[in-house]
Amino acid sequence: MPPAKSLRVRMAENGLLQIMAAHSPLSAILAEEAGFDGLWASGFELAALYGLADMSLLSMTQHLDMLRAIAGRTRLPIVADIDTGYGNAINVIHAIGEYERAGASAVVIEDKTFPKVTSLVAGGRQELLRVEEFQGKIEAAIATRATPDFLVIARTEALIAGRGEQEALDRARAYVEAGADMILVHSKKNDPSEIESFSRAWTGSAPLVIVPNAYPDLDASRAKALGNVRMMIYGNCGIRAAAIGMQEAFRRVMADGGAQNVHKDILPVEEIFRLQRMEEIKAAETRFLR
Ligand code: SPV
Ligand code: MG
């Protein structure tokens, strides 16, 4: 089944999709083994992987290269975080073709101006696009996609920008009018109140996507109870988990003057071999190397 179709089928079957952030093929493989329904090709995680802020500094080519590498090593559908769409509606037309061909099943486009400022940073400058201009970008994405299974998800940053619930609802409605399949609503409050209130007030036809990074108390059962949330994205979990693992191990190696202690607490190299599918390579060697 094509990946975009499989994302729609999974959503119909499971009700609420659990999507884990991936910043590399290895993190994608680990998410697949853990049982997630799909992957989030996160802009934040890839920027952090490069040691950069999530401020439109990476190119579309860099993001696409990683997405292709991820798509090559897992069967999970990929939801691509394309930030503001790399420019105006014309840039969006180009991006949709590229992301669809690269193997994405869905894109999320956010209603901020380019270059964007990362959403969760305290005191971040958050500028929103005019509603009509963002509608044009959504319409361009819908008109461009090669298959109607490819999801176009409109993300409103109205709550992030401090514009309040009414503006978030108005924008979400306008984006559905423009053809968006789903609405992602984000918040940087450290409790789920804004998102739960938005969800209760939302009467639009499109289901909601949430990214409970700042408000992890909004877990899957609580999200399901809201009734209109169909996708949960764990947006920065992968890079934070990886970074703490390395941070602790590296500090211990320096403190201990060697890896003699840390060695037993990090993944055995045999487990890395398994993730690299060394068995398949050995079998191919036996079969083909003469
Ligand atoms: C990302 O993971 O890139 C996101 C989520 O867009 S957040 O960083 O919380 O804005
Ligand atoms: Mg992002």
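Along each chain, the written sequence defines residue order, and numbers are assigned to residues from 1. Whichever chain is written first becomes A and whichever ligand is written first becomes 1, with later ones labelled in order. Totals for whole chains, interfaces and linings use every residue, but because this is a predicted model, local features are given only for residues with pLDDT of at least 70 and side-chain atom pairs only at 80 or more, for both listing and counting. Hydrogens and waters are ignored; side-chain quantities use all the structure's heavy atoms.

Visitor: Looking at this model, I keep getting lost on the sheet that holds strand β1 (residues 17-22). Mind explaining?
Guide: In any sheet, the strands associate via hydrogen bonds between backbone groups, in a parallel or an antiparallel arrangement. One closed barrel holds the eight strands; their spatial order is β1-β2-β3-β4-β5-β6-β7-β8, and the pairing between them is parallel. Sheet twist, expressed as the mean angle between neighbouring strand axes with direction ignored, is 25°. Throughout, a contact is declared for two residues whenever any of their heavy atoms are within 4.5 Å. Angles here are taken between N-to-C directions and fall from 0 to 180 degrees, while the axes themselves are lines fitted to C-alpha atoms, restricted in helices to the stretch in contact. Put simply, DSSP marks the helices as runs of H or I at least four residues long and the strands as runs of E at least two long, and each gets a number from the N terminus on. Across the face of the sheet, helix α6 (residues 131-144) comes into contact with β4 (106-110) and β5 (151-156) while running at roughly 165° to β5. Where helix α7 (residues 165-177) meets the sheet, it contacts β5 and β6 (182-185), and its direction lies at approximately 160° from that of β5. Paired strands, in this sense, are two strands between which DSSP finds at least two bridges.

Visitor: So what exactly am I meant to see when it comes to the environment of Ser119 here?
Guide: Here Ser119 is to be found in the loop between β4 and α6. It is 8.4 Å that separates the C-alpha atoms of Ser119 and His186, two residues lying 67 residues apart in sequence. Sequence-distant contacts of Ser119, that is, excluding residues within four places in its chain, are made with Lys112, Gln126, Arg155, Glu157, Ile160, His186 and Lys188. Polar contact is defined as a pair of N or O atoms within 3.5 Å, subject to the rule that within protein one atom must be able to donate a hydrogen and the other to accept it, and that residues adjacent in sequence are counted only when both atoms are side-chain atoms. A polar contact is formed between the side chain of Ser119 and the side chain of Arg155, at a distance of 3.1 Å.

Visitor: What am I meant to see in the site of ligand 1 here?
Guide: A molecule or strand has a residue near it when one of that residue's heavy atoms lies within 4 Å. In the region of ligand 1, the neighbouring residues are Trp40, Ser42, Gly43, Phe44, Asp81, Ser119, Leu120, Arg155, His186, Asn213 and Gly235. Relative to its unbound accessible surface of 290 Å², ligand 1 loses 99% to contact with the protein. Ten residues, namely Ala, Val, Leu, Ile, Met, Phe, Trp, Tyr, Cys and Pro, are considered nonpolar, four, namely Asp, Glu, Lys and Arg, are considered charged, and the remaining ones, Gly among them, are considered polar. For the shell around ligand 1, the per-class residue count stands at three nonpolar, six polar and two charged. Residue burial considers only the protein chains on display, and all accessible areas are found by Shrake-Rupley using a 1.4 Å probe.

Visitor: How do you make sense of α7 when you look at a structure like this?
Guide: Counting along an α-helix, one turn takes 3.6 residues, and residues three or four places apart therefore face a common direction. Helix span, as expected, comes to 1.5 Å for every residue beyond the first. Taking 1.5 Å per residue as the helical rise, α7 with its 13 residues ought to reach 18 Å, and the 18 Å between its terminal C-alpha atoms agrees with that figure. For α7, the secondary structure elements touched by its buried residues are α6, β5, β6 and α8 (193-201). Count one or two residues on from α7 and you reach Gly179, which has phi positive near 115°.

Visitor: I tried to follow the domain arrangement of the protein chain on my own but got confused; where do I start?
Guide: Interfaces are often sized by the accessible area lost when the parts come together. Throughout, the edges of the domains are those of an automatic or database domain assignment. Splitting the protein chain by domain gives domain 1 (3-237) and domain 2 (243-288). For domain 1 and domain 2, the distance between their C-alpha centres works out to 32 Å. Each partner contributes residues to the interface: domain 1 has five residues there, and domain 2 has four residues. With both chains or domains summed, domain 1 and domain 2 bury close to 410 Å², and 48% of this area falls on carbon and sulfur atoms. Here the buried area means the combined drop in accessible surface, using a 1.4 Å probe, for two parts upon being joined, counting both sides. It is Leu26, Glu33 and Arg73 that lose the most area in domain 1 upon contact with domain 2, and together they represent 73% of the buried surface on that side. Note on definitions: salt bridges are taken to be side-chain nitrogens of Lys or Arg within 4 Å of carboxyl oxygens of Asp or Glu. Connecting domain 1 to domain 2 are one salt bridge. The salt bridge involving Arg274 is made with Glu33; its shortest N-O contact spans 2.8 Å. Inspection of the region where domain 1 meets domain 2 yields one residue pair in polar contact (both at pLDDT 80 or more). Here the side of domain 1 that touches domain 2 is built from residues that sort into three nonpolar, no polar and two charged.

Visitor: In this structure, what is going on with the pairing of β6? I would like to understand it.
Guide: Successive residues of a regular strand alternate their side chains across the two faces of the sheet. Only protein chains enter the area calculation, which uses a 1.4 Å probe; residues under 20% of their type maximum are buried, those over 50% are exposed, and those in between are partly exposed. The alternating pattern of β6 places Met182 and Leu184 on one face and Ile183 and Val185 on the opposite face, and all of these are buried. Two strands pair when backbone bridges link them, and β5 and β6 are joined in this way by four bridges, in the parallel orientation. Bridged to Thr156 within β6 is Val185. Note on handedness: a crossover is taken as right-handed if, strands pointing away from the viewer, the path from the first strand over the helix to the second is clockwise. This β-α-β element, β5 to α7 to β6, shows right-handed connectivity. In this sheet, strand β7 (residues 208-210) lies alongside β6 in parallel orientation, the contact comprising two bridges. Following the sheet pairing, Ile183 is matched in β7 by Leu208.

Visitor: Looking at this structure, I do not really get the pattern of salt bridges. What am I missing?
Guide: Should their charged atoms come close, side chains of opposite charge can pair. If you walk through the whole model with that rule in mind, you get 27 salt bridges. A salt bridge links Arg155 to Glu110; the nearest nitrogen and oxygen atoms lie 3.5 Å apart. Placement of the pair is Arg155 in strand β5 and Glu110 in strand β4, with a sequence separation of 45 residues. Overall, Arg155 belongs to the buried group, its relative accessible area being 5%. Ionic contacts of the salt-bridge type, sharing partners, join the residues Asp54, Asp83, Glu110, Lys112, Lys116, Arg155 and Glu157 into one network.

Visitor: What's the story with unusual backbone geometry in this structure? I'm lost.
Guide: Note on backbone geometry: most residues besides glycine have negative phi, and most peptide bonds are trans. Residue Pro115 is reached from Phe114 by a cis peptide bond, and omega for that bond is -5°. Mapped onto the elements, Pro115 comes out in the loop between β4 and α6. Look at Tyr86: it is not a glycine, yet its phi comes out positive at around 65°. Looking at where Tyr86 falls in the secondary structure, it is placed in the loop between β3 (78-81) and α5 (89-102).

Visitor: What is the right way to read the side chain of Thr84 from this model?
Guide: Looking at the secondary structure, you find Thr84 in the loop between β3 and α5. The residues touching Thr84, leaving out its near neighbours within four places in the chain, are Val92, Ile109, Glu110, Lys112, Thr113, Phe114, Lys116 and Lys137.

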